[in-house]
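Descriptive structure summary
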Amino acid sequence: MAEHEGLEFGKSDFVLLDEVNMEHFMENLKLRFEKGRIYTFIGEVVVSVNPYREMNVYGKEAIAAYRGRELYENPPHLYAVADAAYKAMKRRAKDTCIVISGESGAGKTEASKYIMQYIAAITNPSQREEVESVKNVLLKSNCVLEAFGNAKTNRNDNSSRFGKYMDINFSFSGDPTGGHINNYLLEKSRVVHQQAGERNFHSFYQLLGGGPQSLLESFHLQGDPALYTYTKEGAGCSTATSDLSSHRAVRTALKVIGFSENEIESIYKVLAAILLLGNVGFRTDEESVLVEGEGEAVDHIAQLTSTPAEGVAKGLLFRTVATGGGDVIEKAHTEQEACFGRDAFAKALYERLFGWIIGRINTVIEVKGYNPMLHGKNTVIGVLDIYGFEIFDNNSFEQFCINYCNEKLQQLFIELILGQEQEEYQREGVAWLHIEYFNNQIIVDLVEQAHKGIISILDEACLTGGRVTDTVCLGSMSTRLAQHPHYTDRQLTPNDKTMDFQKHFRIRHYAGDVTYSVEGFLDKNKDLLFQDFKRLMFNSTNPVLTEMWPDGGLSIMEVTKRPMTAASLFKNSIVALVENLACKEPYYVRCVKPNEMKSPLLLDEARCRHQVAYLGLLENVRVRRAGFAYRQAYNRFLQRYKMTCEYTWPNHLMATDREAVEAIVTGHGFQDDVAYGNTKLFVRSPRSLFCLEQERAALIPILVLFLQKVWRGALARMRCRRLRAIYAIMGCYRRHKLKTHFLEVERRLVNARNMADYGRGVEWPHPPAALAQFHDITVTLHRRWWARQVVKNIPPSEMTEVRAKVAALRSLSGARKTWGVGRPWERDYLANARDCPLTCSSFLRVSKELRTKDQFGLILFSGLCRMVNWFNNTTDRAVLITDRHVYKLEPKKQFRILKITPLDQLTGLSLTSGADQTVALHTSSQDDILLYLQSGELWPGQDRAGELVGNLVDYFARVKQVPFPVKVCSTVQFHKRGKQKSVTVETRAGQTIAQFKKSKQGFVLLLPAD
Ligand SMILES: Nc1ncnc2c1ncn2[C@@H]1O[C@H](COP(=O)(O)OP(=O)(O)OP(=O)(O)O)[C@@H](O)[C@H]1O
Ligand SMILES: [Mg+2]
């Protein structure tokens, strides 16, 4: 129900007619034809009228307009049906087929080509190379098939002389993956004989008119069809397309499809051989039959078929017969037999060639490497373009077969569109007014019924040996079919002068009466070909020919079953075809031929009326009008549309699916457009369904998001659980590692208290990373504990010394290598009898006096030293440092006091980093005391500077609680009477004692070299 056409173009769907009768139907058909609207719908069926002119309704733009649209959204078109079939296939994974029917010249083949082009244009958007090549072969195959299977007839300049059913296979994603072509009964009698005004198959004229001169010469041909018996009848006919350009197009197509050069050449050689064969004549020379002329033609045929010339000549003149006794004898042909054999050979050559070409195309396009598990369901769209119903002046066996085939297809149409539909309404209990239509089953039976049908009678006649002729067979039909309402002949109706006695019989076909001439029926049905030709071709040195004739490999002696007759073979193939179509979802294109003159202007009312009647189009409209466009089982309907209604999503709670479907239908407000069957919902207009489809399409992305959300959540939860498990495992492992570390530490140090070194020498186990800090702390703790143990054992008398040593250690902080830590620090060396045995007593006296006088409590240090005097000379002196003063003493004069400095004036000290004993005690008065400490008798050479540092620093820190900075450097800086001086240290050979020498900056301390 297209909406984009104004009413001036008539009704675009016959269903919309005000009244359904022939007058209105024809009026609408005519109006539309005159206005250039050649397509009209009957629901989903497209009625097409051959325009006999170029129409501007095809091509890219039109394809884009129909692509993915619903049937009624656009004006009627082949593209709409093609799209509907494609959509059904893709959406519902249904196998579909498009059946194109109509009489010869009605436009079936053209329609099939437009449909194929449409399918090719809308698929493979990603331009995948393998899909493109499949499409290319499918499209190109048309050109080849038309060249070899079409011919000019009196009805149609490009009439298909074979039936074609093409399956196109689609992948799950809807791209063509391959295909298969079935061909039905090529009209091979055309090879040897054509009716007046008709031509042989195009291929012959294309070769003669289009083949290059050199090629024709090599084939011993001349480019004029009038020179050859088989083509001379049609030589004068003009055709719309030029044979030259067609020849080129076919050659290119063959190459594109994948035929090799050798194969292409072989094809043309066979054509040439047939043409030459037609010109072979026979004459009888005293009993024996000979080939006319010099036998040149035979040689050429032999050369073209790559067989020995004697073989060809023998095949034409004799036949080999196996006798019952196992012998083989050669039987010479009569002249008539030789002619018959030659023609049969020519027909068979062409038929095999055609079959082989189709087989070869099939191997190229067959679906390869398809795995349904991997690639999803493989679906099919079949396109059937079969010869239309034919009534000629002289109708023979071929017309009989062709018309039978059309009866079968009409039967299928009736069954599917008219019969099954009405039966379904009844079955489903939907109110329905039965519509009468003519059921042609009775005619089908007349032809094909076992034992009774015409084919059976023909077969019987062929099987009966002896002299059963066509007329005897006609007699038998006459007696056996006398009662049949659709059969008649002259014997049954002697007054009917339109038929001849013993020649004609008439069948009242659904499309009209056809009078057949029985002449040649039996021969054509037997389809006899002498075995010798088969063997000859099989043994050809050209492998292409051998391939065409596999049955020639049988030995002469082999007894073969009688081959099936041509009519039975054809019947079987058509029965298989109909079965194949019946299991697919059918789409119909019903073609109407407007006139016999191929005129674009004329719509011959009587002719069209006739076609409309026999195609059953009116009944189709009636059924359609009363019927429903769409039906679906309740559960399937629910499954597809339940998301469009809140009561049914995600699952309904109603008693039955039917109620749920009602809820959806009422929810969308098209309750008046449906009927509820027992198991199915029937929807009258596609529009309602389209609403649902649209809503569904809008909801699908949301559902997809929802599913994605749920699935993502599930994934995240799974991941989370896994992570938790990982952490749990990690935790356990860590705990295990910590535990083992602790246990190991414990094991190693458990006895530390009893060890001599309190575990100081124990090697700690390497800690796990997590315990690094903890490890450092524990090691420190252990060190402290260890230190505590060590300190605890020091007697209180030694504590002062230890403290001093610790203070020295800290102050020197590694800057001075030797600082006397290893020896006992005795502090008061001047009072020490071992160190100063000669002077200690006099010092003790002085010290005692000073203690009373200056009230000091503690001697921090005393010892001998060398100092610089007023005159900058180095003199031996002694130094006594108490907790109150620093005394400079003269050792040689009973320790007479030379200078007293209050301890409070000391601000720090400096010493060198070397081993020398220079110490500068800094004073706040900037008159520093520069000493070079001397050792006495006790361990000569011992370091006393470190001891002096330790004692002073410890005292200042602990007792006075003020810092006492110590500076360790290579050059000692000090102040003398307010002036800054420095002391550098030098060792000098020959120097026996430490001596300060005045220098520019202050002093150089000269030391013995030792
Ligand atoms: N849609 C169309 N547009 C233009 N011309 C067309 C169209 N359909 C058919 N014709 C013309 O009609 C001629 C016959 O059409 P076509 O060969 O398709 O008939 P057919 O039904 O296949 O006949 P047959 O049964 O003899 O094979 C075409 O060669 C073409 O000239
Ligand atoms: Mg055709």
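Conventions we followed
- Residues numbered from 1 in each chain as written.
- Chains lettered and ligands numbered in written order.
- Predicted model: local features only at pLDDT ≥ 70, side-chain atom pairs only at ≥ 80, totals over all residues.
- Heavy atoms only, no water.
- Disulfide = S-S within 2.5 Å.
- Buried < 20%, exposed > 50% of the residue type's maximum accessible area, 1.4 Å probe, protein only.
- Helix = DSSP H or I, 4+ residues; strand = E, 2+ residues; numbered from the N terminus.
- Contact = heavy atoms within 4.5 Å.
- Core = buried A, V, L, I, M, F, W, Y, C linked by side-chain atoms within 4.5 Å.
- Axes fitted to C-alpha atoms, helices over the stretch in contact; angles between N-to-C directions.
- Parallel < 35°, antiparallel > 145°, perpendicular 65-115°, else oblique.
- Left-handed = near helix turned anticlockwise from the far one by under 90°.
- Phe/Tyr/Trp six-rings, centres within 6.5 Å; stacked < 30°, edge-to-face > 60°.
- Patch = residues over 30% accessible without salt bridge, like charges linked within 9 Å, V, L, I, M, F, W, Y side chains within 5 Å.
- Areas by Shrake-Rupley, 256 points an atom, 1.4 Å probe, with all protein chains shown as cover.
- Salt bridge = Lys/Arg side-chain N within 4 Å of Asp/Glu carboxyl O.
- Lys, Arg positive; Asp, Glu negative; His and termini not counted.
- Charge placed at Lys NZ, Arg CZ, Asp CG, Glu CD.
- Polar contact = N/O pair within 3.5 Å; in protein donor to acceptor, adjacent residues only side chain to side chain.
- Donors = N, O, S within 2.8 Å, 3.2 Å for Na, K, Ca; no water.
- Pairing = 2+ DSSP bridges.
- UniProt positions renumbered as here; feature names shortened; annotations may be inferred.
- Near = heavy atom within 4 Å.
- Nonpolar A, V, L, I, M, F, W, Y, C, P; charged D, E, K, R; others polar.

1. Focus on the state of the cysteines
Applying the stated criterion to the full structure yields 0 disulfides. For C401, which is in no disulfide, the shortest distance to another cysteine sulfur is to C405 and amounts to 9.3 Å. Exposure remark for C401: the relative accessible area of 2% places this residue in the buried category. Between C645, a cysteine without a disulfide, and C691, which holds the nearest cysteine sulfur, the sulfur-to-sulfur distance is 14 Å.

2. Some words on the environment of P485
Positionally, P485 belongs in the loop between α18 (470-480) and β13 (487-489). Along the chain, P485 and I507 lie 22 residues apart, while their C-alpha atoms are 9.1 Å from each other. Non-local contacts of P485, meaning those with residues more than four positions away in its chain, are made with I442 and R508.

3. Here we look at the nonpolar core
Membership of the largest hydrophobic core comes to 111 residues, with the highest contact counts inside it found for F148 and L221. Examining the composition of this core, we find that 14 residues originate from one element, helix α13 (residues 335-365), more than from any other. When near neighbours in sequence (up to four residues on either side) are disregarded, L221 contacts L207, L208, L216, Y228, A272, L275 and L276. By size, the runner-up hydrophobic cluster in this structure holds 82 residues, among which are V47, I402, L416 and Y516.

4. A closer look at the packing of helix α10 (residues 261-278) against helix α11 (residues 296-304)
Look at α10 against α11: their axes get within 9 Å of each other, and the N-to-C directions meet at 160 degrees. One way to sum up the angle between α10 and α11 is to call them roughly antiparallel. The two elements α10 and α11 meet at a crossing, and its hand is left-handed. Together, K269, A272, A273, L276 and L277 of α10 and H300, I301 and L304 of α11 make up the contact between the two elements.

5. A word on the packing of aromatic side chains
Tallied over the full model, the rule gives 33 aromatic pairs. Taken together, a centroid distance of 5.8 Å and an interplanar angle of 85 degrees make the contact between Y758 and W785 edge-to-face. A residue pair is termed long-range when its members are at least 10 positions apart, and Y758 in the loop between α27 (686-749) and α28 (772-792) and W785 in helix α28 qualify at 27 residues. Assessed through its relative accessible area of 23%, W785 is described here as partly exposed.

6. Overview of a nonpolar patch on the surface
A contiguous nonpolar surface patch, about 370 Å² in accessible area, is contributed by L723, I726, Y727 and M730. Within the secondary structure, L723 sits in helix α27. Given a relative accessible area of 42%, L723 falls into the partly exposed group.

7. Regarding a negative patch on the surface
A cluster of acidic side chains, namely E294, E296, D299 and E310, defines a negative patch on the protein surface. Within the element layout of this structure, D299 appears in helix α11. Given a relative accessible area of 40%, D299 falls into the partly exposed group.

8. A look at the side chain of S599
Summarising the element assignment, S599 is placed in the loop between β16 (585-592) and α23 (605-614). A polar contact is formed between the side chain of S599 and the backbone nitrogen of L601, at a distance of 3.0 Å.

9. A short note on the coordination of the magnesium ion (ligand 2)
The magnesium ion (ligand 2) binds to the protein through T109 (OG1) and S160 (OG); the donor distances cover 1.9 to 2.1 Å. Of this pair, T109 sits in helix α4 (residues 108-122) while S160 sits in strand β5 (residues 159-160), placing them 51 residues apart in sequence.

10. Regarding helix α6 (residues 202-210)
Note on helix geometry: an α-helix contains 3.6 residues per turn, so any two residues three or four positions apart are oriented the same way. Of all the 9 residues making up α6, 8 are buried; the element is thus mostly covered by neighbouring parts of the structure. Those residues of α6 lying buried are H202, S203, F204, Y205, Q206, L207, L208 and G210.

11. Some points on the sheet that holds β13
Either a parallel or an antiparallel arrangement is found when strands of a sheet pair, and the pairing is made through backbone hydrogen bonds. The sheet built from 3 strands is open, its strands ordered β13-β14-β15 with antiparallel pairing. Strand pairing shows two members of the sheet lacking a second neighbour, β13 and β15 (512-517), which therefore form its edges. Taking the axes of each pair of neighbouring strands and ignoring which way they run, one obtains an average angle of 25 degrees across the sheet. Relative to β15, strand β14 (residues 504-509) runs antiparallel, the two being bridged by 6 bridges. Note that in β15 the partner of R508 across the bridge is D513. Each of β13 and β14 is contacted by α18, which is oriented at about 130 degrees to β13, the strand it contacts most.

12. Observations concerning the pairing of strand β23 (residues 896-902)
Where strand β22 (residues 885-890) meets β23, 6 bridges bridge the pair, whose relative direction is antiparallel. Residue pairing across strands places Y887 opposite I900, the latter belonging to β23.

13. Topic: the environment of L207
For L207, the location among the structural elements is in helix α6. Judged by relative accessible area, which is 0%, L207 ranks as buried. Remark: the alpha-carbon pair of L207 and E579, spanning 372 residues in sequence, is separated by 38 Å. Apart from residues lying up to four places away in sequence, L207 is in contact with L215, L216, L221, H247, Y268, L271 and A272.

14. Considering the sheet that holds strand β19 (residues 680-683)
Taken in spatial order, the 3 strands line up as β17-β19-β18 in an open sheet, and their pairing is antiparallel. A single partner strand is all that each edge strand has here, and the edge strands are β17 (630-633) and β18 (674-676). With direction set aside, neighbouring strand axes in the sheet form an average angle of 15 degrees. Here 3 bridges tie β18 to β19, and the two strands are oriented antiparallel to one another.

15. Here we look at the UniProt feature "binding site: ATP" (unreviewed entry) in the protein
Within this structure's numbering, the places UniProt gives as "binding site: ATP" (unreviewed entry) are G102, E103, S104, G105, A106, G107, K108 and T109. Setting aside its immediate chain neighbours within four residues, E103 contacts K108, G388, F389, C591, K593, E596, R607, Q611 and Y614. With respect to the secondary-structure elements, S104 resides in the loop between β3 (96-101) and α4. The class for S104 is buried, based on a relative accessible area of 5%.

16. Describing the site of ligand 1
In the neighbourhood of ligand 1, 20 residues make up the surrounding shell, with S104, K108, T109, S159 and S160 lying closest. Here a nitrogen atom of ligand 1 sits 2.9 Å away from a polar atom, N or O, in the side chain of Y58. In this structure, an oxygen atom belonging to ligand 1 sits 2.9 Å away from a side-chain N or O atom of N156. Only α4 and β5 provide two or more residues apiece to the shell around ligand 1. For the shell around ligand 1, the element with the most residues is α4, which contributes 4 residues. Tallied by class, residues from the shell around ligand 1 come to 6 nonpolar, 10 polar and 4 charged.

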